[in-house]
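Spelled out, the chains give:
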Amino acid sequence: MTLKGKCAVITGSNSGIGLGVAREMARAGADVVLNSFTDREEDHALAAEIAKEFDVDARYIQADMSGAEACRALITQAGRCDILINNAGIQHVAPVDEFPVDKWNAILAINLSSAFHTAAAALPMMREAGWGRVINIASAHGLTASPYKSAYVAAKHGVVGLTKTIALETAEEPITANAICPGYVLTPLVEAQIPDTMEKYNMGREEVIKKVMLERQPSREFATVEQLGGTAVFLCSDAAAQMTGTTLSVDGGWTAL
Ligand code: NAD
């Protein structure tokens, strides 16, 4: 399948899942717009590498997804957005009664409100182009909860609800909106937690991964960024044209429990 001629905008894509999804989009032939809140040489270099490796147009646009105007400006600056992938996200862990208000506000803004703002700016472009895909990277925490992650769980459940609403509003158009719900994915962020967890539990790397980190993931395997990218590419295929307003779990069985 080819996405040649389509432009995919992926928020929060200078590392982890966003970068993996951007690479799979480019592998499928789409032009890509990478994004994060930083504006470093290496951010732009990532886009240049993708352009070279996959022979597509790739750009990096700095925009902080915690602000409404910046979210909308990202889409305007991209100029075209056939495939919108809302991926930017942060996490903070604390009990509800101790949860810092600034962290709550930041998580709701970056993990949830940004998807509303980018979609609001991108939908008119999709209508104009006569085709569109909204793909929101939610989480297993968009379908289930864990203690101490109130803001993240609330935001990700919100993303699932927003996805359904966009799907209904575009149901009679050649536009779909779906949410991908990953379980644990081995991104640099997760990799960085392994040494501390090994020390805390006095366990080796493999034991920490299987017994602590993947305790709720029955496959006892991490999902990979390539698998998530492949799922996003599938959602852009004709086979998925009648899939809208739904969630696709890539979680090794987490939500089957
Ligand atoms: P990550 O930290 O590697 O990626 C997060 C991305 O968001 C980065 O590119 C970061 O620069 C960007 N970002 C953060 N704040 C931003 C802001 N204010 N403006 C713009 N960009 C910003 O983490 P990841 O694991 O790749 O997570 C990506 C998404 O996948 C998140 O929405 C996360 O909730 C979701 N997710 C991750 C996992 C996992 O196990 N890694 C599981 C389920 C869902």
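Residues numbered from 1 in each chain as written. Predicted model: local features only at pLDDT ≥ 70, side-chain atom pairs only at ≥ 80, totals over all residues. Heavy atoms only, no water.

**Q** Looking at this model, I keep getting lost on the sheet that holds strand β5 (residues 132-137). Mind explaining?
**A** Strands in a sheet are paired, the pairing made by backbone hydrogen bonds, and the direction either parallel or antiparallel. The sheet built from seven strands is open, its strands ordered β3-β2-β1-β4-β5-β6-β7 with parallel pairing. Bordering the open sheet on either side are β3 (58-62) and β7 (247-250), each of which pairs with just one other strand. Pairwise comparison of adjacent strand axes, ignoring direction, gives a mean angle of 20° for this sheet. Pairing analysis gives six bridges linking β5 to strand β6 (residues 175-182), with the strands arranged parallel. Paired with Asn136 across the bridge in β6 is Ala179. Sheet strands touched by helix α5 (residues 150-169): β5, β6 and β7. Its angle to β6, the strand with the most contacts, is close to 160°. (Pairing = 2+ DSSP bridges. Helix = DSSP H or I, 4+ residues; strand = E, 2+ residues; numbered from the N terminus. Axes fitted to C-alpha atoms, helices over the stretch in contact; angles between N-to-C directions. Contact = heavy atoms within 4.5 Å.)

**Q** What is the right way to read the pairing of strand β4 (residues 83-86) from this model?
**A** For a regular strand, the rule is simple: side chains alternate between the two faces of the sheet. In β4, alternate side chains face the same way, and those of Ile83 and Ile85 on one face and Leu84 and Asn86 on the other are all buried. By the bridge criterion, three bridges tie strand β1 (residues 7-10) to β4 in an arrangement that is parallel. The partner of Ile10 across the bridge, within β4, is Ile85. Examined bridge by bridge, β4 and β5 share four bridges and lie parallel to one another. (Buried < 20%, exposed > 50% of the residue type's maximum accessible area, 1.4 Å probe, protein only.)

**Q** Any chance you could explain the domain arrangement of the protein here in plain terms?
**A** One frequently used descriptor of interface size is the decrease in accessible area upon assembly of the parts. Taken domain by domain, the protein holds domain 1 (7-185 + 223-256) and domain 2 (186-222). Taking only C-alpha atoms, the centre of domain 1 and the centre of domain 2 are 25 Å apart. It is Tyr184, Val185 and Trp254 that lose the most area in domain 1 upon contact with domain 2, and together they represent 52% of the buried surface on that side. At the surface where domain 1 touches domain 2, the tally comes to five residue pairs in polar contact (both at pLDDT 80 or more). Those elements that provide at least two residues to the side of domain 1 that touches domain 2 are α1 (16-27) and α9 (225-235). Of the residues assigned to the side of domain 1 that touches domain 2, the class counts are seven nonpolar, nine polar and one charged. (Domains from an automatic or database assignment. Buried area = accessible area lost by both parts, 1.4 Å probe. Polar contact = N/O pair within 3.5 Å; in protein donor to acceptor, adjacent residues only side chain to side chain. Nonpolar A, V, L, I, M, F, W, Y, C, P; charged D, E, K, R; others polar.)

**Q** How do you make sense of the site of the ligand when you look at a structure like this?
**A** The environment of the ligand is formed by 30 residues, the closest being Asn14, Ser15, Ser36, Asn87 and Tyr152. Take Asn14: an N or O atom from its side chain is 2.6 Å from an oxygen atom of the ligand. Against a free-state accessible area of 820 Å², the protein chains account for coverage of 90% of the ligand. Those elements that place two or more of their residues in the shell around the ligand are α1, β2 (31-36), α5 and α6 (188-191). Its residues placed into classes, the shell around the ligand shows 15 nonpolar, 13 polar and two charged. Residue-level mapping places the shell around the ligand at the junction of two domains, with at least three residues from each of domain 1 (7-185 + 223-256) and domain 2 (186-222). (Near = heavy atom within 4 Å. Areas by Shrake-Rupley, 256 points an atom, 1.4 Å probe, with all protein chains shown as cover.)

**Q** What's the story with unusual backbone geometry in this structure? I'm lost.
**A** Despite not being glycine, Asp55 shows a phi value in the positive range, around 55°. Structurally, Asp55 can be placed in the loop between α2 (41-54) and β3. In this model, Tyr148 sits at a positive phi of 75°, which is unusual for a non-glycine residue. If you trace the backbone, Tyr148 turns up in the loop between β5 and α5.

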